[in-house]
Number of protein chains: 2
Amino acid sequence: MKLTMREIAKMAGVSVTTVSLVLNDKEARISQKQRTKIKEIARKNNYVPNSSAVSLAKNESNTIGVVVPNISNPFYSSLIKAISNELSKRGYYSLIINSNDNHENEAKQVAKLVSRGVDGILLVPSNDLYAQGTDKVNTFLNSIDIPFVLVNADSDLDINQVNLDSFEGGYLATQLLIDNGHTDIAIVTGNKGFVNAETRLLGYQKALADNGLTIDPNLVFRAPYDLNGGYERIQQIQQTPATAIFFCSDLMLYGAVKQFNESKRNLFDHYSIIGYDDTFINEIFNPTITSVKQNVSQLGSEAVRVLYTALSSKLTINVKLDVTLNVRDSVKALD
Amino acid sequence: MKLTMREIAKMAGVSVTTVSLVLNDKEARISQKQRTKIKEIARKNNYVPNSSAVSLAKNESNTIGVVVPNISNPFYSSLIKAISNELSKRGYYSLIINSNDNHENEAKQVAKLVSRGVDGILLVPSNDLYAQGTDKVNTFLNSIDIPFVLVNADSDLDINQVNLDSFEGGYLATQLLIDNGHTDIAIVTGNKGFVNAETRLLGYQKALADNGLTIDPNLVFRAPYDLNGGYERIQQIQQTPATAIFFCSDLMLYGAVKQFNESKRNLFDHYSIIGYDDTFINEIFNPTITSVKQNVSQLGSEAVRVLYTALSSKLTINVKLDVTLNVRDSVKALD
DNA sequence: TTGAAAGCGTTACCAT
DNA sequence: ATGGTAACGCTTTCAA
């Protein structure tokens, strides 16, 4: 059965203080004899500390709350994997919560996590939250009164944040299309306010401008970052002169592929295509799909690193990670 | 700052007992007046209970450990989503741990979870564990001395387990192929011992036998359930007279598609294909891919339900969930 | 209808 | 070098 320090103390004929000191490897002045004896007893009886008691006494839980919009989305699940591996490496447990991309639920979950006594929070915000506008976002962010870091999103606030460089992503993708001779380039970015949607659009626009191309607002489309978003927008894009399309998420791209398949056509025969996220499935398609590759595992480990320092210091850190292009075969030179 | 019951009690001019009773909505004999007054104070000051203290006092943590082989694998991430949503619905937190498909790490993580004081464990075992053989598996399973349920795998032991019916999956898939006139049907199942690998194979064999077809051992292939597994096996399958292939995971199937694409051929032109898991991407391919559909969210919620009853009772439950076939276009009649 | 107090398993301060 | 004990914030039994 569950053994307590008190019992070990009794067995060893010492006080609980001594046991605690020894079992926690404190630099205290305890004789080597006692040390080995106590440790031996603990080991033999297979002692495990009661973490609720430890948390209560130390007022810390060794647990980090991780809030994400959708655990099963490929991007988020890779991120979670990176985060939880890094956290576990540092001796922390992760309490992973699904906000279901709903800002009210998200707020509720964060509150519960705080009450639960987590030491800190890694917040991967929902699009639903960001769609509420900056004021709402800021109010929410400011209401979190324990150490936390905003992951995969930007904020003007002076808070800890680590994000991938979406501007660069938008720029690189667009530049590749331009380099291949395209001038009528459509973009399908996230809905108004959605996480990273504006930044990717800005990168796209800057690339066009830098190359002396005009920015045609009729080539800018918006949708949720999912299958359906792409499925619907591709139907409108066909009304435009676009020869190339930059989808700001691979899922959208797949949705477009599906739409074309349904009418027995091949999306890639009609357009040069570039996606975002570099989902593993991109190399399975024919042609293989060029996509903006985000280093998700780096995003996760940086987020943990930043939170870790936030746990013991007051200054805020703002990290922006580079992205690259994984060039494959879905972009063809326009002739 | 953090408010405690003691402070609320002081503000309300009552005892902590009363506060506790009220805030926990106990059926106790407290006047309605006090009730509203106390609740009001708590609400206004935004009181949240300290869960470490609650856990310590009640000797339960309201958290469940969930161990999975790979958080970012589409199948597991859907399962995690279902589990954690269901758990949260029942007021539990989930401590999700990645075993990285390594049985030693898996054992270590389970031990940590126990010491952490979780109320129970949902174990989705690694293939690496099952590949060690039944004895090792049983020893490990028997060593877990808190309520737990084995998820997505079978065991001869008298323990709680909930799994999808892999025999049925194998049978249905094979029957569909047979119904379409195929007699030389290759199967790529998991490696020896891998979770559900034998059962799917048995379903395949039974379907062949039931239809009076001979079971050709040369058409049985084994591989890890991943991209590479399919990529490699498809090269060997081409040496056989097979006209149809049953991949026991969609990932394997994608690997085979990739192999064909690389040599400018289309897998679906050469074979009737059926996969397993019904990953969302299957409807994006051309042709869309037929696959064995497992009701993952049901698997998750059943697992939670079983664990929930296990928390308060001693009898063990063994649940097997039906699977269905999601018939699309990748299986063609042989003429 | 309400309160006092013991107890949950630790930690950490203060003695000795 | 070691021990006593308050404290952490809550639940629960027993009394009033």
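If you look chain A up in an unreviewed UniProt entry, it shows as Sugar-binding domain protein from Secundilactobacillus odoratitofui DSM 19909 = JCM 15043.

Visitor: Any chance you could explain the relation of the copies chain A and chain B here in plain terms?
Guide: Both copies of the chain are related by a screw-like operation: a rotation about an axis and a shift along it. The transformation that overlays chain A on chain B combines an axial shift of 0.4 Å with a rotation of 179°, and the residual RMSD is 0.6 Å. Here the transformation between the copies is reduced to the relation of a two-fold axis. Taken together, the interface assignments show that 100% of the residues at the interface of chain A recur at the interface of chain B, consistent with an identical surface on both copies.

Visitor: Explanation requested: the sheet that holds strand β10 (residues 290-294) of chain B in the structure shown.
Guide: Backbone-to-backbone hydrogen bonds pair the strands of a sheet. The strands run either parallel or antiparallel. Residue and element names in this part refer to chain B. Within the open sheet, the 6 strands sit side by side as β7-β6-β8-β9-β10-β12. Their pairing is mixed. If you trace the sheet from one side to the other, it starts and ends with β7 (220-223) and β12 (323-326), each paired once. Taken over all neighbouring pairs, the strand axes of this sheet differ in orientation by 20° on average, direction set aside. Here strand β9 (residues 272-276) pairs with β10 via 3 bridges, running parallel. Within β10, the position partnered with Ile274 by the bridge is Thr290. Packing against the sheet, helix α10 (residues 197-210) makes contact with β6 (185-190), β7, β8 (244-247), β9 and β10, and its axis sits at approximately 160° to β6.

Visitor: What should I look at first to understand the interface of chain A and chain B in this one?
Guide: Many descriptions give the size of an interface as the accessible area lost when the pieces come together. Contacts between the two partners involve 47 residues from chain A, matched on the other side by 47 residues from chain B. The junction of chain A with chain B conceals about 4000 Å² of combined surface from both sides, 58% of it contributed by carbon and sulfur atoms. Contact with chain B buries surface across chain A, with Tyr93, Arg116 and Ile284 of chain A losing the most and accounting together for 18% of the total. Taken together, chain A and chain B are joined by 2 salt bridges. Among the ionic pairs, Glu283 of chain B bridges to Lys258 of chain A, the shortest N-O distance being 3.6 Å. At the junction of chain A and chain B, the tally comes to 7 residue pairs in polar contact (both at pLDDT 80 or more). Looking at the side of chain A that touches chain B, the elements that each hand over two or more residues are α4 (51-58), α5 (74-89), β2 (93-98), α6 (103-115) and α12 (250-262) of chain A.

Visitor: Looking at this model, I keep getting lost on the pattern of salt bridges. Mind explaining?
Guide: Charged atoms that come close allow side chains of opposite charge to pair. Going through the model one piece at a time under the given rule, you end up with 23 salt bridges over all chains. Glu86 of chain A is paired through a salt bridge with Arg90 of chain A; the nearest N and O atoms lie 3.4 Å apart. Looking at Glu86 of chain A, the relative accessible area reads 14%, which means it is buried. Taking the shortest distance from any N to any O, the salt bridge between Arg305 of chain B and Glu302 of chain B comes out at 2.9 Å. Here Arg305 of chain B and its partner Glu302 of chain B are both found in helix α14 (residues 296-310), 3 residues apart, which amounts to about one turn of the helix. Through salt bridges with shared partners, a single ionic network connects Glu86, Lys89 and Arg90 of chain A.

Visitor: Is there a simple way to think about the sheet that holds strand β10 (residues 290-294) of chain A in this case?
Guide: Residues and elements named next belong to chain A. The 6 strands lie next to each other as β7-β6-β8-β9-β10-β12, forming an open sheet whose pairing is mixed. Lying at the two open borders of the sheet, with one neighbouring strand each, are β7 (220-223) and β12 (323-326). Geometrically, the sheet is characterised by an average inter-axis angle of 20° between neighbouring strands, direction not taken into account. Bridging between strand β6 (residues 185-190) and β7 involves 4 bridges; their strand directions are parallel.

Reading the values: the criteria
Residues numbered from 1 in each chain as written. Chains lettered and ligands numbered in written order. Predicted model: local features only at pLDDT ≥ 70, side-chain atom pairs only at ≥ 80, totals over all residues. Heavy atoms only, no water. Least-squares fit on C-alpha atoms with pLDDT ≥ 70 in both. Contact = heavy atoms within 4.5 Å. Pairing = 2+ DSSP bridges. Helix = DSSP H or I, 4+ residues; strand = E, 2+ residues; numbered from the N terminus. Axes fitted to C-alpha atoms, helices over the stretch in contact; angles between N-to-C directions. Buried area = accessible area lost by both parts, 1.4 Å probe. Salt bridge = Lys/Arg side-chain N within 4 Å of Asp/Glu carboxyl O. Polar contact = N/O pair within 3.5 Å; in protein donor to acceptor, adjacent residues only side chain to side chain. Buried < 20%, exposed > 50% of the residue type's maximum accessible area, 1.4 Å probe, protein only.

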